[in-house]
Structures are given as C-alpha cells and as structure tokens.
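A structural walkthrough
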Number of protein chains: 2
Amino acid sequence: MVQQQISVVTLGVDDLARSRPFYADGFGWTPVFASDEILFFQMNGLMLGLWLKPKLAADMRRDADGEFHAFSIAHNVPTAAAVAPLMERLAAHGGTILRAADAPPHGGFRGYVADPDNHVWEIAHNPAWPIDEDGHVSFGT
Amino acid sequence: MVQQQISVVTLGVDDLARSRPFYADGFGWTPVFASDEILFFQMNGLMLGLWLKPKLAADMRRDADGEFHAFSIAHNVPTAAAVAPLMERLAAHGGTILRAADAPPHGGFRGYVADPDNHVWEIAHNPAWPIDEDGHVSFGT
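Let me begin by describing the structure that accompanies this report. Just so it is clear, the model here is predicted, and its values are computed rather than measured. (Residues numbered from 1 in each chain as written. Chains lettered and ligands numbered in written order. Predicted model: local features only at pLDDT ≥ 70, side-chain atom pairs only at ≥ 80, totals over all residues. Heavy atoms only, no water.)

**Some points on the side chain of B:His136**
Looking at the secondary structure, you find B:His136 in the segment after β8 (120-125). Setting aside chain neighbours within four positions, we find B:His136 in contact with A:Asn44, A:Gly45, A:His136, B:Asn44, B:Gly45, B:Pro130 and B:Ile131. (Helix = DSSP H or I, 4+ residues; strand = E, 2+ residues; numbered from the N terminus. Contact = heavy atoms within 4.5 Å.)

Right under this line is the structure:
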C-alpha cells in the first residue's frame, strides 16, 4: 500500500540569492534549512526545496541543457527496501527509470523515474524525515 | 500572514489514458475526481492534478510550444480579495505576472505568477476546497 503522499517538491534555481526574496519576502515564508546550494521550507505536510539547477540535474542524471524541466517531485517510502520495487512497478506502467536507486551522499536511498510526460519522480527513503500515518512529512536532521 | 502551504501540484499531460496507469497502477493511487480533461488525487494535505497540457497552458496564458514546463504549483488563499495583493507582492520580489487574477469558469478567483526561474505559481481562492489551520487542503465540490 503506497501512501497518496508527496514528500517534496524541488524547484531548480539559477541563483539562490535571486530566488530567496520571492519566497521569503514575496510569500513571506521562513526556510527551515539553508545551505549554499539548497533551501527547504516546511510546508503543509511536505517540503518545498529550492536547489541549484546543476545539482538537481546531476542528481536526476539528466542533461541540464536537454529535456530538463528543473523540477522534481519526491514520494518517500518507509524503508530503503521499498524504493526499488515501487520504481519497477512505475516502470511497468509507463514510467522510465532515469537513475536506479542508490545511496546519495546526504544519506538515505533513492532513484528517479520519469512519468509518461517526462515529469520526474524521486522515489526515496529518508530516515531523517518522519512521515505520519496521514502522510504528512516533517523536516528532520 | 501567508500560510506555508502548497494547495495543488498540477502536471500537464498529453494523454490521460496513457498517464492514468502510471499513477493508478504504478503508485496504486485512487483519483478523487476524473473528467475527460483532468484527474485529481487527494494527497497529504494537497491535491495532485493531471491536466491536459493545452488546457493548462491556456489557463496559465503560456504558449504550449514555448518556455512551457507543463506544470504549476498552486497556493490557495482564504479570500478572493487576498489573491491580487499576494501576486503584487510576489511581482515586487522578482516574480512576473503571467495572468492577472480573474474568475475561471469552474469558479473561484486566480492568477499566475512566475518565479525568477520561470516556475509558475497559481495564486487562487477556491471556496470549494477547505484549508485547515495547519494548511491541509481537502478536495470539495
């Protein structure tokens, strides 16, 4: 049973200093985490991430100059073992695996699958980010 | 005070019959609403929409063949009167107004603003979709 849940929406950005005022002053939102390459905002049961485009493209294994739409949506699963089977099921129903599941440097386990229109889903296990029974995801470290 | 809340993630699709198995059978999710042009899934405090690309492009006032990334993120506000002031504040902080706020045929009130990287936010009031104090959005009719 896969929760009907979006864990993260990640938008690729060229310049965090340029983007931050739009989110922090335009919307008036406060980041829960900021580094020199990524900002996270705790939203209503999911995260909004702003990540430098080349980093996002490399993580997705996409060419940043090609069919790259500079955004991804993550669905997080409760265990690392649940990542690959869900990716395979998506591939069996019209998806394309962009990156087989492996362990990123920041921890956890993840892979990427494109839907039939090339929208990219990250299927991930992130042990640091709790998900409650209603599917609401919280930032953790 | 603008809630830190995403109300809808809308993905543009070419063919609903092609996309539906990816979501309904791959992820195993059940739509809460389906018509011949749009599918909605009730997620963890927000909606996931799959909408025919030409309809989404027209709604955003974008050229479907141009710089069109076939997705939008909605932030819903509690009143119609709150839509335009937030759009103006976003425009004052690096955003570009794509479509001034007006009333769509399906009801409510909305406009579109692109962020500095051309990611498109719909700022909307939808009286049919309740938002609780935690920012969790529910499908309603």
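**Digging into the sheet that holds strand β4 (residues 47-52) of chain B**
Residue and element names in this part refer to chain B. Spatial ordering of the open sheet is given by β2-β3-β4-β1-β5-β8-β7-β6, a layout of 8 strands whose pairing is mixed. Here the strands that pair on one side only, and so sit at the sheet edges, are β2 (33-34) and β6 (96-102). Bridge count between strand β3 (residues 38-42) and β4: 5 bridges; the pairing is antiparallel. Bridge assignment links Gln42 to a residue of β4, and that residue is Met47. Of the strands in this sheet, β1 (8-13), β2, β3 and β4 are in contact with helix α1 (residues 16-27), which crosses β4 at around 155°. Contacts from helix α3 (residues 83-91) reach β5 (71-76), β6, β7 (109-114) and β8 within the one sheet, and its direction differs from that of β7 by about 5°. (Pairing = 2+ DSSP bridges. Axes fitted to C-alpha atoms, helices over the stretch in contact; angles between N-to-C directions.)

**Topic: the packing of helix α1 (residues 16-27) of chain A against α3(B)**
Interhelical geometry of α1(A) versus α3(B) gives an angle of 145° and a closest axis separation of 8 Å. Crossing hand, α1(A) versus α3(B): right-handed. Residues A:Phe22, A:Asp25, A:Gly26 and A:Phe27 of α1(A) form the contact with α3(B), whose own contacting residues are B:Leu86, B:Arg89 and B:Leu90. When grouped by side-chain class, the residues that make up the contact of α1(A) with α3(B) number 4 nonpolar, 1 polar and 2 charged. (Left-handed = near helix turned anticlockwise from the far one by under 90°. Nonpolar A, V, L, I, M, F, W, Y, C, P; charged D, E, K, R; others polar.)

**What to know about unusual backbone geometry**
Residue and element names in this part refer to chain A. At Asn118, a residue that is not glycine, the phi angle is positive and equals roughly 75°. Its place among the elements puts Asn118 in the loop between β7 (109-114) and β8 (120-125). Asn118 gets classed as partly exposed once you look at its relative accessible area, which sits at 23%. (Buried < 20%, exposed > 50% of the residue type's maximum accessible area, 1.4 Å probe, protein only.)

**Examining the packing of aromatic side chains**
All chains considered together, the criterion is met by 31 aromatic pairs over all chains. With centroids separated by 6.2 Å and ring planes inclined at 40°, the aromatic side chains of A:Tyr23 and A:Phe41 adopt a geometry described as tilted. With A:Tyr23 in helix α1 and A:Phe41 in strand β3 (residues 38-42), this residue pair connects regions lying 18 residues apart in the sequence. Considered together, A:Tyr23 and A:Phe41 belong to a single accessibility category, that of buried residues. Among the aromatic side chains, those forming a connected cluster through ring pairs are A:Phe22, A:Tyr23, A:Phe27, A:Trp29, A:Phe41 and B:Trp121. (Phe/Tyr/Trp six-rings, centres within 6.5 Å; stacked < 30°, edge-to-face > 60°.)

Read these as spatial facts, not as claims about activity.
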